[in-house]
Amino acid sequence: MIPKNHPRYESLMTRELIVEGVEKGITSIHGLIAQGRGEAFDYLLGEKTSKNALKAEKVAAATLLLAKKPVISVNGNVAALVPAEIIKLSEIVNAPLEVNLFHRTEDRVKKIIKRLRSLGAKKMFTKTDALIPGLSHERGKVDSDGIFSADVVLVPLEDGDRCKALVDMGKSVIAIDLNPLSRTAQCATITIVDNIIRAVPNISKFAQELKSSNEEALREIITEFNNKKNLAHAIDDIEAHLASRQS
Ligand code: ATP
C-alpha cells in the first residue's frame, strides 16, 4: 500500500495501474518500459501540465470536434491508465474507440474490449479487415470503418512508425507523448506533451466548453497552432524546470 501522503503518490499509483494491467493481461510487458520512459520525461517537466500542453489540449479538442470521422486508438497502457476517462472523451466528441496494439495478440485485444465495454464503452470499432499501408501485417491491422477511414485519429502513446504511416495516409494525428523528442511527437500533427493521466481529462474539459462554439471559432483555435513551435516550447519547459532546480 502506498501511503497517500507520499510525495510522489500520484506517480507511484500510476505505476501500480500499469503493473495491474500487465497482471490482468491487458498491458504488454513492453508497456512497463514505455511507462518508465514517460515517467522520466514527466519528472523533467515537473510532473505538471505546462501552459503549452494545455494549449495543445485545447487545439486537440477543437480538432476532434471539427472532425467528420474521428477515432480514438486505445492500447494496453491507455486501457490500464485511463479507461473511464477515454470513454468519456469518446462520448463528448463522438469519436468511437478502436483497440490498436503494437504487440498485438487476439487475447489482449479481447480483454481490452471487454474491459472497455464493462466500463460503459458503447461505440467501438472491432473489425480487422484493413491494413495501414507501409506497416507489417500484424502492426497494420485496423478496422476499415474505423482508423482506416478516419480523418482525425487520437493516438495516445503511439509508436513512431505507425504515427508516420497514419500521417502518410493524410490523416490528422493527435499524439499524447511526454517525450517531445520521440519520433511520434515529431511526426504527429498535434503533439500533447503531457501525461495521459492529466491530458485526457483536460481534452474532455475543453471539448465540453467548446462544444457549442461555431465552426469558425473552432478553426481559429486550430490555425494558430504550429506543432514545431509547440515541441520547441516543450523543450524550453524542460530547460526552465531544470534551471529552477539548480538555484
Ligand atoms: P517513438 O517510436 O515514437 O520514438 P519510443 O520508441 O521512444 O517512441 P515507445 O516505447 O514506443 O517509445 O512509446 C512510449 C512513449 O510514450 C514514450 O515516448 C513515452 O515518453 C510516452 N509515454 C509513456 N507513458 C506515458 C504517459 N503516461 N503519458 C504520456 N506519454 C507517455
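Structure's up top.
What counts and what doesn't
Residues numbered from 1 in each chain as written. Predicted model: local features only at pLDDT ≥ 70, side-chain atom pairs only at ≥ 80, totals over all residues. Heavy atoms only, no water. Salt bridge = Lys/Arg side-chain N within 4 Å of Asp/Glu carboxyl O. Buried < 20%, exposed > 50% of the residue type's maximum accessible area, 1.4 Å probe, protein only. Helix = DSSP H or I, 4+ residues; strand = E, 2+ residues; numbered from the N terminus.

### Some details on the pattern of salt bridges
Side-chain pairs of opposite charge can arise where the charged atoms are in close proximity. What the rule picks out here adds up to 18 salt bridges. The salt bridge involving Asp 194 is made with Arg 198; its shortest N-O contact spans 2.9 Å. Look at Asp 194 and you get buried, because its relative accessible area is 2%. Here the residues in one salt-bridge network are Lys 127, Asp 129, Asp 143 and Asp 145, joined through shared partners.

### Some points on unusual backbone geometry
One non-glycine residue, Glu 47, lies in positive phi territory at about 50°. Within the fold, Glu 47 resides in the loop between helix H2 (30–44) and helix H3 (51–66). On the accessibility criterion, Glu 47 (32% relative accessible area) is partly exposed. Even without being a glycine, Asn 94 presents a positive backbone phi close to 55°. Here Asn 94 is to be found in the loop between helix H5 (83–92) and strand S2 (97–99). Relative accessible area serves as the criterion here: at 44%, Asn 94 is assigned to the partly exposed category.

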